[in-house]
Amino acid sequence: MVAERIAGGYFLDIDFDREKLKTFGLSVKDAQDQAMTSVGGENVSQLIANRERYPIQVRLAPSFRQDESAIKRVLITTSTGAQIPLSEVAQVHFTNGPSMIRDENAQLVGYVYVDIDLAKTDVGRYVERAKALIEKRVSVPTGYVVSWSGQFENMERVKERLKFVIPITVILIIFLLYFNTKSLIKTGIVLLAIPFSLIGAVWLLVLLGYNLSIAVWVGMIALLGLDAETGVFMLMYLDLAFNDYVAHGRMNSLAALKRAVVEGAVHRVRPKLMTVAALFMGLIPIMWSSGAGSDVMKRIAAPMIGGLFSSFLLELLIYPVVFYLWKERTYFQLGRFSR
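Residues numbered from 1 in each chain as written. Predicted model: local features only at pLDDT ≥ 70, side-chain atom pairs only at ≥ 80, totals over all residues. Heavy atoms only, no water.

**Q** Tell me about the environment of W217, and please be specific about residues and values.
**A** Relative to the helices and strands, W217 is located in helix α8 (residues 214-247). For the pair formed by W217 and N252, sequence separation is 35 residues and the distance between their alpha carbons is 47 Å. Discounting chain neighbours no more than four positions away, the residues touching W217 are L162 and I166. (Helix = DSSP H or I, 4+ residues; strand = E, 2+ residues; numbered from the N terminus. Contact = heavy atoms within 4.5 Å.)

Right, here's the structure in full:
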């Protein structure tokens, strides 16, 4: 934690007396412009040497402006052409002050920079604890305000956006799944992968020691799309095997239904494994990256990797059972199977 130090500066202040300026027929702007040109200088032209440019500045020689007494003798020309010393119409003095004044929302501000070890805590938790300690132990004078900015402010802004982005993403996924399967039951089966994938995502985050952050939530949102992809892929093979049995007239008993489910689930392990392996091969190298932005990319990829692993196990072990129970109940209700 480092508090910003205000560096001191040495300034020349010229305070003009408006009543005296009025007596000599001068405006504040005229007097200020003449004093600024005489002491500070003014660029009046430019010297061109091939492609080089040098400003031509006009001001008094150093001997006429090197100390306070010399500056007080600087002549100001009135509207009638008369010249009067600067000390006749202004107070000249040197003062110490800050070299730069920071402000936000028209209020003076001072910064305290805090470097947080993300391996031990996240920005949100740190700020919550710090706010509680400040309210308990620090007495803020009237007119002073303590506010938190930087990464925390960006995180709060993104969090507000995620409140809209996450529901919209889930709704779009549900709509696309229903548009693809034309069945609410199949859509619900595919969506079963979401809670199971979150289990794997959370466990991997715990093992890696990652705290919740905006990058982690982005990875969670991306995981929803991967779950839908792999879930539809598994359901497609179950449907293909089931429809093949129905088309050939072999779907006439529970044993036939079981064989169809086994064929769709077990006999198609290789293509499903290749699909998930391709996703793993694209994500796992990110966990070994060490360049700029690698910390953010790791926290995006980690929930996707952990969620893919647990959702893949779900699809192999749970999806076939759910599909079998659904078709069994449907066919018993239709009277096509007998117990």
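**Q** How would you sum up the pairing of strand β3 (residues 42-49)? Please name residues and give values.
**A** As judged from the 7 bridges shared by β3 and strand β4 (residues 52-58), these two strands associate in the antiparallel manner. Each bridged residue has a counterpart across the sheet, and for E42 the counterpart in β4 is V58. In this antiparallel pair of consecutive strands, β3 and β4, the connection spans 2 residues, and N50 shows a positive phi of 55 degrees. (Pairing = 2+ DSSP bridges.)

**Q** Got a sec to walk through a nonpolar patch on the surface? Specific residues and values, please.
**A** Together, F196, I199, V202, W203, V206, F309, L313, L317 and I318 make up a nonpolar patch on the protein surface, roughly 880 Å² of accessible area in all. The set of elements that each furnish at least two residues to the nonpolar patch consists of α7 (193-208) and α11 (294-317). Of all the elements, α7 adds the most residues to the nonpolar patch, at 5 residues. Within the secondary structure layout, I199 lies in helix α7. (Patch = residues over 30% accessible without salt bridge, like charges linked within 9 Å, V, L, I, M, F, W, Y side chains within 5 Å. Areas by Shrake-Rupley, 256 points an atom, 1.4 Å probe, with all protein chains shown as cover. Salt bridge = Lys/Arg side-chain N within 4 Å of Asp/Glu carboxyl O.)

**Q** Quick one: what's the story with the nonpolar core, residue by residue and with numbers?
**A** Within the largest apolar cluster, 23 residues are counted, with the highest numbers of intra-cluster contacts made by L235, L238, M251, Y319 and F323. Elements supplying a minimum of two residues to this core: α5 (151-181), α6 (184-191), α7, α8, α9 (254-265) and α12 (319-334). If one sorts the elements of this core by residue count, α8 sits on top with 7 residues. (Core = buried A, V, L, I, M, F, W, Y, C linked by side-chain atoms within 4.5 Å. Buried < 20%, exposed > 50% of the residue type's maximum accessible area, 1.4 Å probe, protein only.)

**Q** Can you break down empty space enclosed by the protein residue by residue, with the values?
**A** For the structure shown, the criterion picks out 1 cavity of 30 Å³ or more. Put simply, the largest cavity is a space of about 30 Å³. Every residue lining the largest cavity is listed: T230, F233, K272, T275, V276 and E315. Listing elements by their share of the lining of the largest cavity, those giving two or more residues are α8 and α10 (269-283). Broken down by element, the lining of the largest cavity gets its largest block of residues, 3 residues, from α10. Residues that form the lining of the largest cavity fall into these classes: 2 nonpolar, 2 polar and 2 charged. (1 Å grid on protein atoms, 1.4 Å probe; cavity = no way out; pocket = protein on both sides within 12 Å on 5 of 7 lines; lining within 4 Å. Points joined across faces, edges and corners; volume = space filled by probe spheres on them. Nonpolar A, V, L, I, M, F, W, Y, C, P; charged D, E, K, R; others polar.)

**Q** Any details on α10? Residues and values, ideally.
**A** Helix length check: α10 (15 residues) gives 21 Å between terminal C-alpha atoms against 21 Å at 1.5 Å per residue, within 8%. Among all positions of α10, only K272, V276, L279, F280 and L283 are buried. Angularly, the buried residues of α10 cover 100 degrees about the axis, an arc narrow enough to put them on a single face. The exposed residues of α10 that point more than 90 degrees off its buried face are R270, M274 and M281. (Expected span 1.5 Å × (residues − 1). Arc of directions from axis to C-beta.)

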